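Given next are the chains, with one letter for each unit.
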Amino acid sequence: MSDKCCKFNRDRVNNFLEVGRQDVLFSIFTWGTPNKSDATPLDQYLKQLPPSSTANFPKLSCKQRSFSNIELHQIQSDSTCATFDISFLYKAIKLACENVGDYNDESVWKTPSNIMEYYITAIKDERNNSMHGMRDITTQEFLNTAAKLRTLFHEALRTAKMRYKISDAELNGKIKNINDKLDKAMLEVLGEEDLLSFYIAQLRQDLIQETNKVLRKHFLNSLNIDPMSFLTDTKLKLHVEKVFTEIIVTRASTGVRRYLRYENLIKDARSGPESSQPQILLVEGIAGSGKTTFVTLVTGEWLKDSKDRIVTGLDYYDLLLRIQCRERKITSLNCLLKNEVPDVFLKFRTLILPLIKNCKILILVDGLDESNEDSEKLIDDILTQMKTVKGCTLMFTSRPEGVTSFKNKIPLDYQVSYVKLIGIPEACRVAFVRRYHEEIKHQIGDTQNTEKLVENVQQVLEKEHFRLPLNMVFLTWVYIYDPCAITTTTTQTQLYHNTYQLCLQKLLNRLACNTITRNSDRQTLETDLKQPMGAIQKESLLALWRSRVTFDHEAEVRIRNSCLKQNIPPNELLSAFLTLKANRTHLGTIIQYSAPHKGLQEFYAAMHIATHPKLKTSSASIRSVLQETLGKLDENLGRIQNVLYHVAGMLHLPPNTSTVSETITNEVLDMLFDSGMNVREKWLDLVEDTRGNIAVLHRVAPYFVASIPERHMIEQLEEKLVGQKEKEEQKRQEEERKKKEEEEEREEEMRKKELEEKTGNKKMEVKEEHINVNKKKEEQEKEMKERKEEKGKKKENIEEMEMKEDNYYVKEDGMKKKTMEESYSDKDGNILPVLIGDIRLERLIALLPLLPPCDVCIEFEKDPGLHMESLLSAISRHTCISVTVMSHFKEPDPAVNSDYLMRQVLPR
């Protein structure tokens, strides 16, 4: 490092010490001498100390009371003592301040401790080192010294505040003022240009090493996943690697679903022609699809040595940050760094963001759909701060509703990749259950035979809703406690209900042993629990409506009060259905109750609606229940779409099936459509969840027709992202054009003034100049007119692209898109072709006869088998426009192979 840089560093230490003299030692001196006026010199004040004073001066010998000539000169020059040097201020504090340690007791003043005297002495010693012993220092030495001095200043003031009973407001004001001055001192000697010239490489490396050292400790504690801890008395530590299995990831590309390797998602995000841009990887998945688990897996992979990683692309990055959108109190990237790595932040302060921007950084943001007002500000700040950082990748996970609102926030500077977590493939589900149950057995001592469990649930796992990892977790636990509860007809809502009942039974068992409730019989306890459980369900709905996934203090108090009214121990109830989660903030750690998973919170909220007494009246209405609970009900039902989905499923669980009115069924389905449920696959899932109820089928049919296939939705989103980038590019070009015109106008004005100042023989030149100016203005007006016409054409193209229905189907052999406008303009209603595939086949067969005549595409990866006859019957009133069978199998029975399918379908 150059001599110039080393001298800069020494000067900056001296600037720090000046802040310590003026804002720390002098403040302590004034706090400790409350009776001294600014007009009274120090020596006069000391001589006038009353006998009741606790100051050291009256107790000392004449020799120790004396001052040197230099000290006397300072006293005479400044009666306030504000300009005394550090050594003299230190002496003044020891002599004049009330309630300080004995003047001659070195154990009080010099022994390292957490008292004011030690911190004052340490500041004085740092000054002596600087003045008499400090050589030119390196950047690293400066940063260490700066961090040490900042800590000494803070602690000296905090201990003095306690000693002299200073208010919190005054202390906080002092500390803020000191921090501002120190931050300024760090940069005023060494400008940004010098910083980049001399320090950047070393500082960047120091930041990376120290940040990773701190974050490694945080991350190691976050690799255990335990969504069902509330069911056991043991804190499960299920390491993410021990239960994670293969997961299906897709990306829409030229209209064809492509399966991606989850291990390569991070690497693929930075591949392609625009890899030099900052990247955004949007990972979408419905509730329970494994989004948070995937983020945890990536975090665990980051902690490994490069040679041991299975997730590729992580070697590219210097740093990794992880953000949970459900957390509060963090509103900026600066605040996040201060919270996550406080010691590193204290050391680098205002340098930390410029250094971060010179690193290759991967930021994992989990749960966009769980964002609150604080985390939204944080995300906006990150998007702004990192948009110029070429080595940055932001990975966001979210449910579909979160992606829809987020896409409009993405600046033009980012290259966006969009993928979707589908779930665990059928071939891997048995392996997941086996591994998960073996790990549970190991930790809680369950004696059930894992292979028997696998054998009994193997057929169940073929159901489409068991592609979701969370559902398989529920299935495993329910089977452990009640094997008979799982059958081949178990729907998703029923699985959630079985999990809820399992929690309830565990709670009743605990209450039977509790000293407060053990004298009550089980039936009485079940009755007494209805009101407290109703409180949890109501608070779950209120929290979701307010975009919260945690219960605030007021909600917890209401639940506890409800328990106390029924003589139920509150902690027993809360721990049976909720978990305590600690959120680290700049205000400290905040511990709040929340549901173990947002999906469970939505189920609790749905129970509040489905079991509400109002639904049993003749004027039953779901909207009236919501209005009573939430107050004014706006039309933004998207935030409770999954709640309404569960309500629809609950209303058709036994014994409700025979009692639920068609009016209520229609209302909840109408509200689901109003909430934005416009993907056909979700309607088919609902048909499954309501067990193919005929009233549901009739109501769903028109909504199914009005919706779009899942693959089209993904492509629409990608097209909108492209359209948004084009709009932003046009806006940027327009701003540049205006800026250029303004500059040209200013230049013209300047030239005009110069020409007006010229006299005599310059008049002809002025005339020629005006002619040239007018000619240039005409050329500019012509250019502006051409740009406006070009802009208008581009705008029309974008609007046409946004309004255009994504109405096409895909033939596997040619991968060729055909729009409805081109191929089906003569069809009434312009219905999108219905895709019939391997998954959700039974639900489609039930729904097809109720749809108006439409086109049908058939795509099978394997033969439809025994469903063949039902399928042919269901499509008899429709037009089959394409057939694709990916695999061809010869079966002994000709009625269940693809040849038979082709012969029956193609003539249609």
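Details of the structure are given in the entry above.
This one's a predicted model, so the numbers in the text were calculated from it and none came from an experiment.

Caption draft 1: Fine view of the overall build of the protein. Helix and strand content of the protein: 38 helices and 17 strands. The buried share of the protein, reckoned over its 908 residues, is 53%. A fraction of 74% describes how many contacts in the protein between residues 6 or more apart in sequence connect residues 24 or more apart. Total accessible area on the protein stands at roughly 43100 Å², and carbon and sulfur atoms take up 49% of it.

Caption draft 2: Fine view of the nonpolar core. Phe-29, Leu-42, Met-386 and Phe-396 are the most contacted members of the largest nonpolar core, which has 129 residues in total. Residues Phe-466, Leu-504, Leu-684 and Val-883 belong to the second largest nonpolar core, which totals 124 residues.

Caption draft 3: Examining helix H21 (residues 450-457) more closely. Of the positions making up H21, those classed as buried are Thr-450, Leu-453, Val-454 and Val-457. Buried positions in H21, seen along its axis, are confined to an arc of 95° and lie on one side of it. Exposed and facing more than 90 degrees away from the buried side of H21 are Lys-452 and Glu-455. Next to the buried residues of H21 lie helix H20 (426-444) and helix H22 (469-481). Between a side-chain oxygen at the N-terminus of H21 and the backbone nitrogen of Glu-451 the separation is 2.8 Å; the capping residue is Asn-449.

Caption draft 4: Examining the side chain of Arg-309 more closely. You can see Arg-309 is positioned in the loop between helix H14 (291-302) and strand S6 (319-324). What makes Arg-309 buried here is its relative accessible area of 18%. At a separation of 2.9 Å, a polar atom in the side chain of Arg-309 contacts the main-chain carbonyl oxygen of Glu-301. Here the side chain of Arg-309 touches Trp-302 through a polar contact of 2.8 Å, landing on its backbone oxygen. Discounting chain neighbours no more than four positions away, the residues touching Arg-309 are Glu-301, Trp-302, Lys-304, Leu-314 and Asp-315.

Caption draft 5: Broad picture of a negative patch on the surface. Taken together, Glu-742, Glu-743, Glu-745, Glu-747 and Glu-749 make up a surface patch of like negative charges. Structurally, the position occupied by Glu-747 is in helix H33 (residues 710-757). Relative accessible area serves as the criterion here: at 41%, Glu-747 is assigned to the partly exposed category.

Caption draft 6: Summary view of the pairing of strand S16 (residues 855-860). Of all six residues in S16, six are buried, a share of seventy percent or more. Covered by surrounding structure in S16 are Asp-855, Cys-857 and Glu-859 together with Val-856, Ile-858 and Phe-860, the residues of both alternating faces. Across three bridges, strand S15 (residues 834-836) lies against S16 in parallel orientation. In the strand pairing of S16, Ile-836 is matched with Ile-858. On the question of chirality, the crossover connecting S15 to the parallel S16 by way of helix H36 (residues 841-847) is right-handed.

Caption draft 7: Molecular detail of the pattern of salt bridges. Throughout the structure, instances matching the rule amount to 35 salt bridges. Note that Asp-308 and Lys-307 form a salt bridge whose closest N and O atoms lie 3.5 Å from each other. The exposure class assigned to Asp-308 is partly exposed, which follows from its relative accessible area of 39%. Among the salt bridges present, the one from Lys-614 reaches Glu-628, with a minimum N-O distance of 3.1 Å. Highlighted residues: Lys-614 in the loop between helix H27 (598-610) and helix H28 (622-630) and Glu-628 in helix H28, separated in sequence by 14 residues. Look at Lys-614 and you get partly exposed, because its relative accessible area is 32%.

Conventions adopted
Residues numbered from 1 in each chain as written. Predicted model: local features only at pLDDT ≥ 70, side-chain atom pairs only at ≥ 80, totals over all residues. Heavy atoms only, no water. Helix = DSSP H or I, 4+ residues; strand = E, 2+ residues; numbered from the N terminus. Buried < 20%, exposed > 50% of the residue type's maximum accessible area, 1.4 Å probe, protein only. Contact = heavy atoms within 4.5 Å. Areas by Shrake-Rupley, 256 points an atom, 1.4 Å probe, with all protein chains shown as cover. Core = buried A, V, L, I, M, F, W, Y, C linked by side-chain atoms within 4.5 Å. Arc of directions from axis to C-beta. Polar contact = N/O pair within 3.5 Å; in protein donor to acceptor, adjacent residues only side chain to side chain. Patch = residues over 30% accessible without salt bridge, like charges linked within 9 Å, V, L, I, M, F, W, Y side chains within 5 Å. Salt bridge = Lys/Arg side-chain N within 4 Å of Asp/Glu carboxyl O. Lys, Arg positive; Asp, Glu negative; His and termini not counted. Charge placed at Lys NZ, Arg CZ, Asp CG, Glu CD. Pairing = 2+ DSSP bridges. Right-handed = clockwise from strand over helix to strand, strands pointing away.

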